[in-house]
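Chain and residue survey
Listed below, chain by chain, are the residues.
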Amino acid sequence: MTKKLTFLISAVLVFVSMNAMTRSGARGRDMMRHARFGINMAEKNLFPGPMLLKFKDEIGLTAEQIDKIEKMTELFREAAIRRQADIKVKGLKVSSYLKKERPDRKKMEVMIREIAGMRTDMQLDRMNYLLDLKDLLTAEQIEKIESFKKERRRSRMGQRKYLKERRRDRRPAQCPHD
């Protein structure tokens with residue numbers, strides 16, 4: 001009986017959420033896509049610790065900079081792992097709470113908003129980490145990294161063109177009667 005009730009509640013929740021998504025149209029999805037796009041664009045102008053350490057000799061990082069980058073990266077990763085674990089635990093609590101015969105909608109909303117807030121905090125932590133790393137660098141070091149990134153983009157674009165041409169060459173010839 002409880003399995004059937006749980007299934008019924010889950011089905012209703014899925015239906016309600018799908019219905020809300022279709023009513024809001026693409027507006028909600030577009031808003032999220034634009035938010036992620038903005039974050040991704042900002043991150044393209046920033047440099048994660050492992051990338052900085054990979055090019056440490058080429059950009060001329062000092063021993064002090066290397067030490068700070070390593071410590072900041074370790075602290076960031078540690079905090080990110082903890083936050084991800086907390087989010088998963090909250091998700092499990094939401095799932096188990098849904099199994100109740102009559103879950104309280106207000107309590108469910110609070111729990112889901114907590115998870116969303118935790119995800120937002122994770123994104124903010126990442127942005128702050130990247131900005132802090134950038135603050136450690138000199139203008140010359142930033143220019144050198146930018147040139148490495150441009151070179152990498154160019155080589156990737158060339159690789160894509162090459163693969164596209166190879167795929168086009170492999171296509172079977174079309175019959176003239178089609």
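Residues numbered from 1 in each chain as written. Predicted model: local features only at pLDDT ≥ 70, side-chain atom pairs only at ≥ 80, totals over all residues. Heavy atoms only, no water.

**Some remarks on the overall build of the chain**
Rules: Secondary structure follows DSSP: runs of H or I at least 4 residues long count as helices, runs of E at least 2 residues long count as strands, and numbering of each begins at the N terminus. Here the term buried applies to any residue with accessible area under 20% of the maximum for its type, exposed to any over 50%, and partly exposed to those in between, with areas from a 1.4 Å probe on protein chains only. By definition, residues are in contact when any of their heavy atoms lie within 4.5 Å. Here the open area of atoms and residues is found with the Shrake-Rupley method and a 1.4 Å probe, where only the protein chains shown may cover a residue.
Of regular secondary structure, the chain possesses seven helices and zero strands. Its helices and strands taken in sequence order, the chain reads α-α-α-α-α-α-α from the N to the C terminus. Evaluated residue by residue, the chain yields a buried proportion of 19% over its 178 residues. Counting contacts in the chain only where the partners sit at least 6 residues apart, residues at least 24 apart contribute 79% of the total. Approximately 14400 Å² of the chain is accessible, and the part contributed by carbon and sulfur atoms is 57%.

**Observations concerning the packing of aromatic side chains**
To keep things clear, this is the line we draw: We call Phe, Tyr and Trp rings a pair once their centres come within 6.5 Å, taking the six-membered ring for Trp, and we label the pair stacked below 30 degrees between planes, edge-to-face above 60, and tilted otherwise.
Within the structure shown, the criterion is met by two aromatic pairs. Centre to centre, the rings of F55 and F148 are 4.7 Å apart; their planes meet at 10°, and the pair counts as stacked. Of this pair, F55 sits in the loop between α3 (49-54) and α4 (56-59) while F148 sits in helix α7 (residues 139-170), placing them 93 residues apart in sequence. Given the relative accessible area of 13%, F55 is considered buried. Overall, the relative accessible area of 22% leaves F148 in the partly exposed class. Pairing F76 with Y129 gives two aromatic rings, centres 4.3 Å apart and planes at 5°, and the pair type is stacked. Of this pair, F76 sits in helix α5 (residues 63-98) while Y129 is found in helix α6 (residues 105-136), placing the two residues 53 residues apart along the sequence.

**Notes on the environment of P50**
Of note, P50 is situated in helix α3. Under the relative-accessibility criterion, P50 is labelled partly exposed at 40%. Ignoring anything within four residues of it in the chain, the contact list for P50 reads T73, R77 and Y129.

**Some points on the nonpolar core**
The test is simple: To qualify as a nonpolar core, a set must consist of buried Ala, Val, Leu, Ile, Met, Phe, Trp, Tyr and Cys residues joined through side-chain atoms within 4.5 Å.
Counting 17 residues, the largest nonpolar core has F47, L52, I59, L61, L137 and I145 as its most contacted members. Per element, the largest residue contribution to this core is four residues, and it comes from α6. The contact partners of I145, leaving out residues within four places of it in the chain, are F47, M51, L52, I59 and L137. Listed in part, the eight residues of the second largest apolar core include V94, M108, M111 and M118.

**Some points on the pattern of salt bridges**
Going by this rule: Note on definitions: salt bridges are taken to be side-chain nitrogens of Lys or Arg within 4 Å of carboxyl oxygens of Asp or Glu.
Counted by the stated rule, this structure contains seven salt bridges. Its salt-bridge partner being K68, residue E64 comes within 3.4 Å of it at the nearest N-O pair. Of this pair, E64 and K68 are both found in helix α5, four residues apart, which corresponds to roughly one turn of the helix. The exposed category is assigned to E64, whose relative accessible area is 53%. A salt bridge links R113 to E109; the nearest nitrogen and oxygen atoms lie 2.9 Å apart. In this pair, R113 and E109 are both assigned in helix α6, four residues apart and thus about one turn of the helix distant. What emerges from the salt-bridge pattern is a single network uniting R83, D121 and D125.

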